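Here is what each chain is made of, one letter per residue.
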Amino acid sequence: MFPRADFSKGDVIEYYRDIAPVMMPYLKDRPLTLKRYPDGVDGDYFYEKNAPAYTPEWIETFAVERTDTKRGGKSIRYILINDLATLLWCANLADLEIHTFLAKAPRVDRPSWIMLDLDPGPPADILQCAEVALLIRDTLERLSLSCYCKVSGSKGIQVYVPFNTSITFDQTRPFAQAIARLLEQQHPNLIVSKMTKFIRGGKVYIDWAQNDEHKTTVAPYSLRAKHPEPFVAAPCSWNELSKALKKGDAELLYYSPGDALKRAKKEDPLMPILKQRQKLPLEYQNMLKPPKPVKGVKGNDLLAYGKKRDFSRTSEPTPKKAKLRTRDLIFVIQKHDASRLHYDLRLEMEGVLRSWAVPKGLSPEAGVRRLAMHVEDHPLDYGTFEGTIPKGNYGAGTVMLWDFGSYEAVGSDPVKGYYDGKLHVRFNGKKIKGEWVLVRTKDPKQWFVIKIAPSAKPISKKKDNESASSGRSMGKIAAEKDSVWKGNGVEHS
Ligand code: MN
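In this text the structure is predicted, and so the values were computed from the model without any measurement.

Enquirer: Before we go on, may I ask you to explain the overall build of the chain in this structure?
Expert: Within the chain, the regular secondary structure consists of 12 helices and 24 strands. Along the three orthogonal principal directions, the C-alpha set of the chain runs to about 90 × 50 × 40 Å. Within the chain, the proportion of its 493 residues that are buried is 49%. Across the chain, the fraction of contacts at a sequence separation of at least 24, relative to all contacts at a separation of at least 6, is 68%. Looking at the chain as shown, the accessible area adds up to about 23800 Å², and 52% of this sits on carbon and sulfur atoms. Taken as two groups, the 78 positive and 60 negative side-chain charges of the chain have centres that lie 8 Å from each other.

Enquirer: Just checking my understanding: could you explain the nonpolar core for this structure?
Expert: Proteins that are soluble and globular tend to have nonpolar side chains buried together. Among the nonpolar cores identified, the biggest contains 88 residues, and Y16, L118 and I157 are the most heavily contacted of them. At 10 residues, helix 3 (residues 126-142) tops the list of elements feeding residues into this core. Contact partners of L118, with chain neighbours within four places excluded, come to C129, V132, A133, I136, G156, I157, V159, V204, Y205 and I206.

Enquirer: How should the environment of D482 be read in this particular structure?
Expert: Position of D482 among the secondary structure elements: in the loop between helix 12 (474-480) and strand 24 (483-484). Taking the relative accessible area as the measure of exposure, D482 reaches 24% and is therefore partly exposed. Excluding its chain neighbours within four sequence positions, the residues that come into contact with D482 are E386, G387, T388, R472 and I477. A distance of 3.0 Å separates a polar atom in the side chain of D482 from a polar atom in the side chain of R472.

Enquirer: Explain the sheet that holds strand 8 (residues 157-162) to me, please; I cannot follow it from the model alone.
Expert: Think of a sheet as strands paired side by side through backbone hydrogen bonds, with each pair either parallel or antiparallel. Here we have six strands laid out as an open sheet, ordered 9-10-6-8-7-14, and mixed in their pairing. In the strand order of this sheet, the two ends are held by strand 9 (191-192) and strand 14 (235-236), each with one partner. Pairing between strand 7 (residues 148-151) and strand 8: four bridges, direction antiparallel. In the strand pairing of strand 8, K150 is matched with Q158.

Enquirer: So what exactly am I meant to see when it comes to the packing of helix 3 against helix 4 (residues 169-186) here?
Expert: Pairs of packed helices are described in terms of their axes, by the angle between the two and the distance that separates them. For the pair helix 3 and helix 4, the least separation of the axes is 11 Å and the interaxial angle reads 115°. Judged on the interaxial angle alone, helix 4 and helix 3 are roughly perpendicular. Both helix 3 and helix 4 take part in a crossing whose hand is right-handed. For the pair formed by helix 3 and helix 4, the contact residues are L135, I136, T139 and L140 on the first element and F175, I179, L182 and L183 on the second. Along the lines of polarity and charge, the residues of the contact of helix 3 with helix 4 split into seven nonpolar, one polar and no charged.

Enquirer: Whenever I open this one, unusual backbone geometry confuses me. Can you help?
Expert: Working note: non-glycine residues mostly have negative phi, and peptide bonds are mostly trans. Cis geometry is found at the peptide bond from P122 to P123, where omega equals 5°. Mapped onto the secondary structure, P123 falls in the loop between strand 6 (113-120) and helix 3. Geometrically, the link from A453 to P454 is a cis peptide bond, its omega value of 0° lying close to zero. Tracing the backbone through its elements, the reader meets P454 in the loop between strand 23 (446-451) and helix 11 (461-464). With phi around 60°, A94 is a residue other than glycine that occupies positive phi space. The buried category is assigned to A94, whose relative accessible area is 3%.

Enquirer: When you look at the environment of H424 in this model, what are you seeing that I'm missing?
Expert: Structurally, the position occupied by H424 is in strand 21 (residues 422-429). Residues H424 and E229, 195 residues apart in the sequence, show an inter-C-alpha distance of 60 Å. With near-sequence residues (within four places) excluded, H424 lies in contact with E408, A409, V410, E435, W436, V437 and I452. A polar contact is formed between the side chain of H424 and the side chain of E435, at a distance of 2.8 Å.

Enquirer: Before we go on, may I ask you to explain helix 7 (residues 257-266) in this structure?
Expert: Because each turn of an α-helix spans 3.6 residues, side chains separated by three or four positions in sequence point in the same direction. Buried residues of helix 7: P257, A260, R263 and A264, and no others. Along the long axis of helix 7, the arc covered by the buried residues comes to 125°, so they all point the same way. Along helix 7, the residues that are exposed and aim more than 90 degrees away from the buried face are K262, K265 and K266. Where helix 7 is buried, its residues meet helix 1 (9-27), strand 12 (223-224), strand 13 (231-232), strand 14 and helix 6 (238-247).

Enquirer: Where do I start with the pairing of strand 7 in this structure?
Expert: When a strand is regular, its side chains alternate between the sheet's two faces. Of the two faces of strand 7, the one lined by Y148 and K150 and the one lined by C149 and V151 are each fully buried. Linking strand 7 back to strand 8 in an antiparallel pair, the connection comprises five residues, with G153 at a positive phi of about 80°. Where strand 7 and strand 14 come together, two bridges link them in antiparallel fashion. By the bridge assignment for strand 14, C149 is matched with C236.

Enquirer: Any chance you could explain empty space enclosed by the protein here in plain terms?
Expert: The gaps left among the atoms become clear once a water-sized probe is rolled over them. Counting across every chain of the model gives one cavity of 30 Å³ or more. Counted as a void, the largest cavity has a volume near 50 Å³. Along its surface, the largest cavity is lined by T100, F101, L102, W113, Y160, T217, V218, A219 and P220. When contributions to the lining of the largest cavity are tallied by element, the ones reaching two or more residues are strand 5 (95-101) and strand 11 (216-218). Taken together, the residues of the lining of the largest cavity sort by class into seven nonpolar, two polar and no charged.

Criteria and thresholds
Residues numbered from 1 in each chain as written. Predicted model: local features only at pLDDT ≥ 70, side-chain atom pairs only at ≥ 80, totals over all residues. Heavy atoms only, no water. Helix = DSSP H or I, 4+ residues; strand = E, 2+ residues; numbered from the N terminus. Buried < 20%, exposed > 50% of the residue type's maximum accessible area, 1.4 Å probe, protein only. Contact = heavy atoms within 4.5 Å. Areas by Shrake-Rupley, 256 points an atom, 1.4 Å probe, with all protein chains shown as cover. Lys, Arg positive; Asp, Glu negative; His and termini not counted. Charge placed at Lys NZ, Arg CZ, Asp CG, Glu CD. Core = buried A, V, L, I, M, F, W, Y, C linked by side-chain atoms within 4.5 Å. Polar contact = N/O pair within 3.5 Å; in protein donor to acceptor, adjacent residues only side chain to side chain. Pairing = 2+ DSSP bridges. Axes fitted to C-alpha atoms, helices over the stretch in contact; angles between N-to-C directions. Parallel < 35°, antiparallel > 145°, perpendicular 65-115°, else oblique. Left-handed = near helix turned anticlockwise from the far one by under 90°. Nonpolar A, V, L, I, M, F, W, Y, C, P; charged D, E, K, R; others polar. Arc of directions from axis to C-beta. 1 Å grid on protein atoms, 1.4 Å probe; cavity = no way out; pocket = protein on both sides within 12 Å on 5 of 7 lines; lining within 4 Å. Points joined across faces, edges and corners; volume = space filled by probe spheres on them.

The following block contains the structure:
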C-alpha cells in the first residue's frame, strides 16, 4: 500500500486491528465515506459513500436522505463501523482513510462537535497551523469553551469543540464562521476565513464550512495516504503543539502508525470530545433564537385573516402559509376602496404578508409621516390579488394592485426590525422606489410610515389611479366586478 515505506496491506490491517480499542469510540454510529486505494498510495483512489452491492449483511448501514439535486432525492446507504470486523473489512478494501460524519446516526442533523479544519497555504505549513490552533484555543477559552486537537496526518491540524447535546448544524455552522472571521480580523497576515482568499498563500485557511450535515472529516487514528509514508491523523496535546512551535520543527507533528499506537497506550488527549457537554455562549444562543413577540404584537398568524372571511362568498385567497424562500422578499401596496379609501401596505415576512392600512398612502416627501394601522397578516397569495370583494363581506369594495415589487430591510433583518418596532425598508416597486421607515408607537396597532431622505418623485394623479398589474383604473376594476389572483408560484406548506 505504501511501497516506498515498505508498508503492506497486511500492515494496514494490522494497524487498524491494534488501534481499534482507542479508535472505535470515534467511529461508532457515524456514517462514513470510504477512500479506497486499490493500487496503493501511488495508484488511483476513489471515494465510496454508498455501501457497495457486495457489502455483507452483518455490516451495519444507515440510509441518509439526500435532498440535494445531484442525486435526485435518492438516499445514500452509509456504512457504520460499529465493530472490529467491519473496521477490518473496510481496511481489506484498501480503505486507507476513514472519513466520518460530525454527527451520529440516526440524528445526522445534530453534530457532536464543531470542527475547524486548519489548512495551510504553502509556504505556510503545519507549524503555522499550530500557531492558529493555539489562537483558537485562547479565543474559545475566553468564551468558556474547551477545545482539543489532532494533526491531520496530511499537512494541517483539526480543532474540535465538543457539545454532545441536541445542538444543530444551523447553530454550530454560523458560530464556527464567526470564530474564523474574528481570528482573521485579528491576525490578517496569518489567517483567512474565505476559500477564495486562500490562494494568496502563506496563510492558514480556517475551514469552518465543514460544519455541515453531509460533510465528512478524517477520523481520529485514521491512516493518511497523502505522503509516501503512512502518517496518522493523531490526537495531540496543546503542549506538543507549543513544543513543536518553539523548536520550529514540523516533523514533531507527524506520527507514524507505530508512534500512534505507542501514544494511544499512554493517553489520548482528544478523548474529551466523546463525552464533554458544552453550550454555546448564552449571548450567542439568544442571537440565534427567533425574536420574541412583543405584547400586543402577533407573530406570523393567519388565524385572524381566516376568521374574518367566508371563502365561499369571497374570491380572496385562502389562508395558507408559504415556505420560507431565499429569493427576494416581496412587498405590495393595494389601493382599497372599502368603507373608506386607503392603501394596504404588505411586506413578506415569515411566510406571510405582514400588513398595514395606510389611510393617506406613503408620502414621497422626506420626513413626512403617515399613520399606518397594523392589521392582520395576509397569505402570500394576497400579493397578486386584484378585484372586487362582494358586498356584505369583510373589506367589501374594490382592490387595486397599486404597486408591487421586492423590498429589503436596511441595516437589520426584517423580522427583527418588525418585532423591534422599527423597520427600515427599501422598496423596489413599479411605482415607488426608495427608503421608508415603519415605526411602532406605544399602541402596538398604531405605526407611522415615514419617508427617509431623499424625497421620492411624487406619483401623478393618473398613475395613482392605475393598477401596476393590469393598468386598470379603480372605476374599471369595480365595473368589471372580477377577481383576479394568481398564485405567486409560491410553495405552500
Ligand atoms: Mn384594506
